[in-house]
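Examining the three-dimensional arrangement
Chain by chain, the residues:
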Amino acid sequence: MNAAGTSPRSVEVGVLIAGGGSRRAGLDKRFLVLEGRTLLVRNLAFLRSLFPEVAVVIGRTQSLDLGDEAGVHVLRDAWPGSSPLVGIATALQHFGRPVFVLAADIAFPQREAAEAVIAASRSRDVAMPAGANDFRQPLFAVYGPRCLPPMARLLESGRHRIVDIFPSVSVAEVSGFDEALFRNVNTLADFESARRESARRSPTGARPALVAIVGKSDSGKTTLIEKLVPELVKLGLRVGTVKHDAHSFEIDH
């Protein structure tokens, strides 16, 4: 054990930061579907494969139905502002020990990269991926308990930039990984890029989830479909309809 209080084995908590407003995407990014699962479910599964304890942090007024994801702690922001910094500080306050944090909208988290970041946190308060052109990903990172006081000071002064705590703590930057692994899905264009990357990686792999819309004639389903289909497609779903008069099933999108 060292001054920073972390070692590769001591990081036993994985935290999903999922309280953002998704303003740039124009919809709730947590529920975009990639390879048949939402980004939220994909990233929770990633964390559960690495850590015995997993939590998801959401906004103070948000609600979240995790369905069958039993055993996941759901924490609400302990400070106002609904920023990633609030989410990390909330997790540190709750657990009081090192946490690995992951943004809910990272499309392709990699186990090898997470293990390298955890190992780098052995003698540092913070460890994260870094690369050329000042690239750093603070939402695929380990934060130790000593980060909480400077985080709290920033938040109490109304400041929310994670990098502003770095002068007050020790930071390890981990290089050698493809920066694309750590890119966030901030816009629908980013999501389409992630879907293309998924198809490139596994052209015969998992296909998107399928939604079927079924209704009787003259039930108003045509109007519903016209409004609903574009929204479902944005989420990455395949949408099908049953043509009642033709007794056939068609994939519309």
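Residues numbered from 1 in each chain as written. Predicted model: local features only at pLDDT ≥ 70, side-chain atom pairs only at ≥ 80, totals over all residues. Heavy atoms only, no water.

What to know about the pattern of salt bridges
- Under the definition given, this model contains ten salt bridges.
- For the salt bridge of E12 with R97, the shortest nitrogen-to-oxygen distance reads 3.8 Å. On the criterion of sequence distance, the pair formed by E12 in the segment before strand 1 (13–17) and R97 in the loop between helix 2 (84–95) and strand 6 (99–103) is long-range, its members being 85 residues apart.
- Given the relative accessible area of 26%, R97 is considered partly exposed. (Salt bridge = Lys/Arg side-chain N within 4 Å of Asp/Glu carboxyl O. Helix = DSSP H or I, 4+ residues; strand = E, 2+ residues; numbered from the N terminus. Buried < 20%, exposed > 50% of the residue type's maximum accessible area, 1.4 Å probe, protein only.)

Some details on the nonpolar core
- In this structure, V15, F100, F140 and Y143 are the most contacted members of the largest nonpolar core, which totals 63 residues.
- With seven residues, helix 2 is the largest single contributor of residues to this core.
- The residues contacting V15, other than those within four sequence positions of it, are L47, A55, V57, A91, F95, V99, F100, V101 and L102.
- Membership of the second largest hydrophobic core comes to eight residues, among which are L34, V185, F191 and A194. (Core = buried A, V, L, I, M, F, W, Y, C linked by side-chain atoms within 4.5 Å. Contact = heavy atoms within 4.5 Å.)

Some points on the confidence of the model for the protein
- Summarising the model, the protein shows a mean pLDDT of 81, and 74% of its residues fall at 70 or more.
- Note that pLDDT drops below 50 for residues 1–9; the model gives that stretch 19 contacts with residues more than four away or on any other chain. (pLDDT = per-residue confidence, 0-100.)

What about the side chain of D105?
- Relative to the assigned elements, D105 resides in the loop between strand 6 and helix 3 (111–120).
- We classify D105 as buried; its relative accessible area is 8%.
- Looking at D105, its side chain comes within polar contact range of the side chain of N184, at 2.8 Å.
- Ignoring sequence-local partners within four residues, the contact set of D105 consists of K29, L39, N43, R183, N184, V185 and N186. (Polar contact = N/O pair within 3.5 Å; in protein donor to acceptor, adjacent residues only side chain to side chain.)

Digging into the side chain of S83
- Tracing the backbone through its elements, the reader meets S83 in the loop between strand 5 (73–76) and helix 2.
- A residue is classified by how much of its surface remains accessible, and S83, at 12% relative accessible area, is buried.
- Only 2.7 Å separates the side chain of S83 from the side chain of H160, close enough to count as a polar contact.

Structural notes on the packing of aromatic side chains
- Considering all chains together, one arrives at five aromatic pairs under this definition.
- Measuring from centroid to centroid gives 6.4 Å for F46 and F140, while their planes differ by 35°, and the two rings are tilted. You can see F46 sitting in helix 1 (residues 39–48) and its partner F140 sitting in strand 8 (residues 140–143), a full 94 residues away along the chain.
- Taken together through their ring pairs, the aromatic side chains of F46, F51, F100, F135, F140 and F182 make up a single cluster. (Phe/Tyr/Trp six-rings, centres within 6.5 Å; stacked < 30°, edge-to-face > 60°.)

Topic: the environment of L102
- Mapped onto the elements, L102 comes out in strand 6.
- On the basis of relative accessible area, L102 is assigned to the buried category, the value being 0%.
- Considering only alpha carbons, one finds L102 and N43, 59 residues apart in sequence, at a separation of 7.8 Å.
- Aside from chain neighbours lying at most four places away, what touches L102 is V15, L16, I17, N43, F46, L47, P109, L139 and F140.

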